[in-house]
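Okay, here's what each chain looks like letter by letter:
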Amino acid sequence: MRTYTCFIVDDEDLIIQRLELFFRELTNKDQRFRLVGKANSGLQGIEEALRLKPDILISDIVMPKMDGISMIEQLKPQLPHTQYILLTAYSSFEYAQRAIHANILEYIVKVPLREADVERALDKAAGVLDEMKKKEEEFQSLHVSVLENKYRARKQFFNELIRGEIPSHRASDFENRMQFHFFQSYYCCFIVEMNHYESFRHEYSAADQSILKYAIANVIEETVMSFGMGVATDLYDNQFIGFLSWENNRSDMDTEDACQTLGSQIVSHLNQYLNQTVSVAFGGTHRGWESIKKAYTEATNVSKDLYYSTVKIVKTPAHRFQYDDEKKVEFQQKLTELLAWMQREATKEELEQKISSLYDFVTANKIQKSIMAPLLRELYRDIAAKFKSGSALAAELEEFPIHFMTFREQLTYICDFTFEYLQAGKPMHRVEIMRAMRFIEQNLKQRLTLEAIAEDVNLAPSYFSSLFKKTMNEGVISYINRKKIQLSLELLKVKDYSILELCEEVGIVNEGYFCKLFKEYTGDTPKQYRIKMTRYELK
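Residues numbered from 1 in each chain as written. Predicted model: local features only at pLDDT ≥ 70, side-chain atom pairs only at ≥ 80, totals over all residues. Heavy atoms only, no water.

A few words on the overall build of the protein chain. From N to C terminus, the protein chain includes 22 helices and ten strands. Taking all 539 residues of the protein chain together, 48% fall into the buried category. Considering only contacts within the protein chain whose residues lie at least 6 apart along the sequence, 70% involve residues at least 24 apart. (Helix = DSSP H or I, 4+ residues; strand = E, 2+ residues; numbered from the N terminus. Buried < 20%, exposed > 50% of the residue type's maximum accessible area, 1.4 Å probe, protein only. Contact = heavy atoms within 4.5 Å.)

Here is the structure:
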């Protein structure tokens, strides 16, 4: 059952007392209406109404300094959904005209004040509010549906286009419907790649991953549009595709500058608004939709360099790495030596030093990812085989999340995994996870990130994410969110916080995301929960 908050404005204390008594008695038979405040003048009414944002406002007309209609006319632009009911002791055509012009819901004579008239007016206001909510939900649902369909169609179009599956007439038709006319101008394709994608997959449900990817695509596209023309969409797994377009041909230097600036802003905006870290890789300049597949191939080739990069990097064709695949044999020999060296007495520092020497060698002599990744998978297999056997080994190998990691992340993951079993075969789960839980508890009111927690316990983010879920049977982000909502429930027992105040207290930036989490964990919105708490306290 929906609850409607009500607010009274009247300069006569007797009328206010009468209405307060009316609302107290009304709750015995109809709990929909709850009185949340009162004011004795139009000026005070404006101040309090803007603070409380009531669903229904009941006001006298004739009051000193500012009458009720003037007050309502000032409130309406800021509280457009509030329903206004006027009380008057005077039968005046002028007031009636002004009330009609101000679109007042109901006009009640208060001498004598009949409770039946007030109840009827409240019922009418509730009906209007219910209808408004229904229409708003229908519109929102329709709007979301249109956006989702447009998003899916765009994603499918680009996936088919870059695979060369769309004939010219279909591409032209879709281009016109979506108003992608910039493909006839100069453009470059770029790839946005999510850093720490293995952790992302561990921490979020499939539904939340889809929502976040949709949001990421929107932020990328809005950033592109601030530069002129362009488009962006989710591609697959950890990658998004985008296009930056411009009218006239540019010099290589101007194109490089534009790509670096746009890439840096995409990295910054996604970190700022969605707390997601990404890197961006640009291809060269092209013109015409016929060149899209080639433009995508170039951007994809540049994105391969991200394997040897750190997070939040912008790569362009002008700054490609040079690869020396002939170093594969020498690197394989180093892996063999590492495997032979491994002893249970080794310290974490000694192991890190060995891993660091591998990293230094590959940094100086880069080998293509297509060659390097299988070598590291084989190393992991050999290390796991030293400490595990049978089904346990098979399960561990199946869990090795190598595909979306950078070279550094893969080495660090292997280092942490190895150290766990070098210590006389004693897993370090409990100590590291307990430290992480203490860190989360101490910083719960802050905006926590997986990377910050992993750094505090001296583990690679990807390995820590996997370890936490294996030990706690719950992802890190899910655990943090649950703890934040528990904290917000404790706060609501003490004070009637606004949603913004709660967000600030528990370190969640987005109010909409907070409300979604709150309802997911409690079954109620914060407002509904507080109302239930109030009723419980009154009992």
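Resuming the write-up.
By size, the foremost hydrophobic cluster in this structure holds 67 residues, and its most contacted members are F331, M372, L376, F407, I453, F464 and F514. Sequence-distant contacts of F407, defined by excluding residues within four places in its chain, comprise Y307, Y308, L358, Y359, V362, M372 and L376. Counting 29 residues, the second-largest nonpolar core is a separate cluster that includes F200, I220, L244 and I477. (Core = buried A, V, L, I, M, F, W, Y, C linked by side-chain atoms within 4.5 Å.)

Under the criterion given, the structure shown has 19 salt bridges. Here K38 makes a salt bridge to E20, at a shortest N to O gap of 2.9 Å. Here the residue K38 occupies a position in strand β2 (residues 33-39), and E20 occupies one in helix α1 (residues 13-26), the gap between them amounting to 18 residues. The class for K38 is partly exposed, based on a relative accessible area of 42%. The closest approach of N and O atoms between E378 and R381, which form a salt bridge, is 3.9 Å. With E378 and R381 both in helix α13 (residues 369-387), this residue pair falls three residues apart, about one helical turn. Residue class for R381 comes out partly exposed when judged on its relative accessible area of 38%. Ionic contacts of the salt-bridge type, sharing partners, join the residues E106, R114, D117, R120 and K124 into one network. (Salt bridge = Lys/Arg side-chain N within 4 Å of Asp/Glu carboxyl O.)

This part covers the side chain of S303. Mapping S303 onto the fold places it in helix α10 (residues 292-303). Given the relative accessible area of 7%, S303 is considered buried. A distance of 2.6 Å separates a polar atom in the side chain of S303 from the backbone oxygen of T300. If we ignore the near neighbours within four places in the chain, the residues touching S303 are I191, E193, Q239 and A281. (Polar contact = N/O pair within 3.5 Å; in protein donor to acceptor, adjacent residues only side chain to side chain.)

All right, on to the sheet that holds β2 then. Pairing is parallel in the open sheet, where five strands are placed in the order β2-β1-β3-β4-β5. Two strands bound the open sheet, and with one partner strand each, they are β2 and β5 (106-109). Averaged over all pairs of adjacent strands, the angle between their axes in this sheet comes to 20°, without regard to strand direction. Docked against the sheet, α1 engages β1 (4-9), β2, β3 (56-60) and β4 (83-88), running at close to 165° with respect to β2. (Pairing = 2+ DSSP bridges. Axes fitted to C-alpha atoms, helices over the stretch in contact; angles between N-to-C directions.)

Let's shift gears to the packing of aromatic side chains. Aromatic ring pairs are defined here through the distance separating the ring centres and the angle between the ring planes. Under the criterion given, the structure shown has 19 aromatic pairs. Clustering of aromatic rings is evident, with ring pairs tying together Y307, Y308, Y323, Y359 and F407. (Phe/Tyr/Trp six-rings, centres within 6.5 Å; stacked < 30°, edge-to-face > 60°.)

It is worth spelling out the packing of helix α2 (residues 42-52) against helix α3 (residues 68-75) at this point. With their axes 9 Å apart at the nearest point, α2 and α3 run at an angle of 30° to one another. If you check the angle between α2 and α3, you find them roughly parallel. Judged by the sense of rotation from one axis to the other, the crossing of α2 with α3 is right-handed. Mapping the contact onto sequence places G42, G45, I46, A49 and L50 in α2 and M71, Q74 and L75 in α3. The class makeup of the residues in the contact of α2 with α3 is five nonpolar, three polar and no charged. (Parallel < 35°, antiparallel > 145°, perpendicular 65-115°, else oblique. Left-handed = near helix turned anticlockwise from the far one by under 90°. Nonpolar A, V, L, I, M, F, W, Y, C, P; charged D, E, K, R; others polar.)

Further remarks concern the packing of helix α20 (residues 499-506) against helix α21 (residues 511-522). Between α20 and α21, whose axes approach to 10 Å, the crossing angle comes to 85°. In terms of axis orientation, α20 runs roughly perpendicular to α21. Along its contact with α20, which presents I499, L500, L502, C503 and V506, the element α21 presents E511, F514 and C515. Of the residues that constitute the contact of α20 with α21, the class distribution is seven nonpolar, no polar and one charged.

What follows deals with helix α8 (residues 206-225). With 20 residues, α8 should reach 28 Å at 1.5 Å per residue; the first-to-last C-alpha distance of 29 Å fits that figure. Along α8, the residues that are buried comprise D208, Q209, L212, K213, I216, A217, V219, I220, E221, T223 and V224. (Expected span 1.5 Å × (residues − 1).)

Right, let's get into the confidence of the model for the protein chain. Across the protein chain, the average pLDDT comes to 83, with 86% of residues at 70 or higher. Across the protein chain, the element-wise mean pLDDT spans from 56 in helix α14 (residues 390-399) up to 96 in strand β10 (residues 314-315). (pLDDT = per-residue confidence, 0-100.)

Right, let's get into the sheet that holds strand β9 (residues 278-287). As summarised here, the arrangement of the five strands in space is β7-β8-β6-β9-β10, forming an open sheet in which the pairing is mixed. Each of the sheet's edge strands pairs with one partner strand only, and the pair in question is β7 (229-236) and β10. Pairing geometry for β9 and β10, over two bridges, is parallel. Residue pairing in the sheet places V280 in a bridge with V314 of β10. Its contacts with the sheet place α8 against β6 (186-194), β7 and β8 (239-246), and it is angled at close to 160° to β7. Together, β6, β8, β9 and β10 form the strand contacts of helix α9 (residues 252-274), whose direction differs from that of β9 by roughly 150°.

This part covers the pairing of β9. Note on strand geometry: in a regular strand, side chains alternate between the two faces of the sheet. Counted residue by residue, β9 has eight buried out of ten residues, so it is predominantly covered. Examined bridge by bridge, β6 and β9 share eight bridges and lie antiparallel to one another. Note that in β9 the partner of Y186 across the bridge is R287. For the handedness criterion, the β-α-β arrangement of β9, α10 and β10 is classed as left-handed. (Right-handed = clockwise from strand over helix to strand, strands pointing away.)

Okay, α20 next. Among all positions of α20, only L502, C503 and V506 are buried. Looking down the long axis of α20, one finds its buried residues gathered within 100° of arc, a one-sided arrangement. Following α20 by one or two positions, G507 adopts a phi angle in the positive range, close to 75°. (Arc of directions from axis to C-beta.)

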